[in-house]
Amino acid sequence: QVQLVESGGGLVQAGGSLRLSCAASGRTFSNYAMGWFRQAPGKEREFVAAISRSGGRTHYTDSVKGRFTISRDNGKNTMYLQMNSLKPEDTAVYYCAAHPTSGKSIVVVTTSGYDYWGQGTQVTVSS
């Protein structure tokens, strides 16, 4: 089992930037495909970005392409989400998730595809 802890959320003005971190512990981090999801009040949790075990493959939801960058440092057991040009509609609780896999290039884009979740970090973008 892997434990995940998000950090880096906060309040930022529209057009600003934040970098979220997801620190993993408990198992070999490089054995997990990872992802970021978000959930706004009254809405379902939605996919934001995913990254393969090796970091060589990534995938983004259309609304964040060109603004957000997912990355990971397997030596530090940490995944990141760099968020630039933030918009008020990006306001949500952001969650990281992990899926154990033997496939080095697999990315997982569905909520049901992940086995482990962090507790979330709030991101609020003011207009």
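Residues numbered from 1 in each chain as written. Predicted model: local features only at pLDDT ≥ 70, side-chain atom pairs only at ≥ 80, totals over all residues. Heavy atoms only, no water.

A. Fine view of the state of the cysteines. If you walk through the whole model with that rule in mind, you get one disulfide. Covalent S-S linkage joins Cys22 and Cys96, the inter-sulfur distance amounting to 2.1 Å. The disulfide joining Cys22 to Cys96 has a torsion of about 60 degrees about its S-S bond and is therefore right-handed. Linking Cys22 in strand β3 (residues 18-25) with Cys96 in strand β9 (residues 92-100), this pair joins segments that are 74 residues apart in sequence. With respect to class, Cys22 is no different from Cys96; both count as buried. (Disulfide = S-S within 2.5 Å. Helix = DSSP H or I, 4+ residues; strand = E, 2+ residues; numbered from the N terminus. Buried < 20%, exposed > 50% of the residue type's maximum accessible area, 1.4 Å probe, protein only.)

B. Region of interest: the pattern of salt bridges. If you walk through the whole model with that rule in mind, you get four salt bridges. With a shortest N-O distance of 2.8 Å, Arg67 and Asp90 are connected by a salt bridge. Pair noted here: Arg67 is in the loop between β6 (58-60) and β7 (68-73) and Asp90 is in the loop between β8 (78-83) and β9, with a separation of 23 residues, a long-range link. Of the two residues examined, Arg67 and Asp90, each falls in the buried class. Three or more residues joined by partner-sharing salt bridges are found here, namely Arg38, Glu46, Arg67 and Asp90. (Salt bridge = Lys/Arg side-chain N within 4 Å of Asp/Glu carboxyl O.)

C. Up close: the pairing of β7. Burial along β7 is one-sided: Phe68, Ile70 and Arg72 are buried, and none of Thr69, Ser71 and Asp73, which face the opposite way, are. For β7 and β8, the ladder comprises six bridges, and the chain directions are antiparallel. Pairing of Asp73 across the sheet is with Thr78, part of β8. (Pairing = 2+ DSSP bridges.)

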